[in-house]
Amino acid sequence: MNDYKIPAQTRIGHVHLKVSDLKRSMAFYCDLLGFELITMYGDQAAFISAGGYHHHIGLNTWHSKGASPAPEYAPGLYHTAILYPERKDLAEILQRLIDAKYSITGAADHGVSEAIYLNDPDQNGVELYWDKPRDKWPLDEQGNITMYTRQLDIPGLLALLK
């Protein structure tokens, strides 16, 4: 049993979030972040995606309509991470957030990736990031990945848009 390893090609397919106000959440995920609506289940759930996939994010109010956000200091989802294909794509969404005056809670260079952090309307954490090329990832002497958290070069990131 200890020899089992999940296949390397395995990916997280989607996240399904409990939200208090479906319209407000769709405004955030679709109107601001740019996800596409795939299907609705009445006025209680929506499935959204990038590029026409059946869904990357499910949003529902089945057990949470009108509820307050989950307590910060309780077990649960820390954040949903949305992976952008290129660094310029991260720059574009960052500029979109700045233009919308949407509150950003953090930004970091992790060595393997660059990330922008924010909260959705229900205070669910959201990480928007891109992975650096694998041959640029920091490694120690034994070849192990050595992630870190450093200040993100926001002016350098936004300069990609000029």
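Refer to the structure presented above.
Bear in mind that the values here come from a model prediction, so they are computed numbers and not experimental data.

A. Examining the pairing of strand β4 (residues 57-60) more closely. Every second residue of β4 is oriented toward a common face, with Ile57 and Leu59 on one face and Gly58 and Asn60 on the other, all of them buried. Two elements, strand β1 (residues 15-18) and β4, share 4 bridges in a ladder whose sense is parallel. Note on β4: the bridge partner recorded for His16 is Gly58.

B. How the structure looks around the pattern of salt bridges. Applying the stated rule across the entire model yields 3 salt bridges. With a closest N to O distance of 3.0 Å, Asp122 and Arg24 form a salt bridge. Of this pair, Asp122 sits in the loop between β7 (113-119) and β8 (125-131) while Arg24 sits in helix α1 (residues 22-32), placing them 98 residues apart in sequence. Under the relative-accessibility criterion, Asp122 is labelled buried at 7%. Residue class for Arg24 comes out partly exposed when judged on its relative accessible area of 36%. Linking Glu114 and Arg87 is a salt bridge whose minimum nitrogen-to-oxygen distance equals 2.6 Å. Taken together, the residues Glu114 in strand β7 and Arg87 in helix α2 (residues 87-99) connect sequence positions 27 residues apart.

What counts and how
- Residues numbered from 1 in each chain as written.
- Predicted model: local features only at pLDDT ≥ 70, side-chain atom pairs only at ≥ 80, totals over all residues.
- Heavy atoms only, no water.
- Buried < 20%, exposed > 50% of the residue type's maximum accessible area, 1.4 Å probe, protein only.
- Helix = DSSP H or I, 4+ residues; strand = E, 2+ residues; numbered from the N terminus.
- Pairing = 2+ DSSP bridges.
- Salt bridge = Lys/Arg side-chain N within 4 Å of Asp/Glu carboxyl O.

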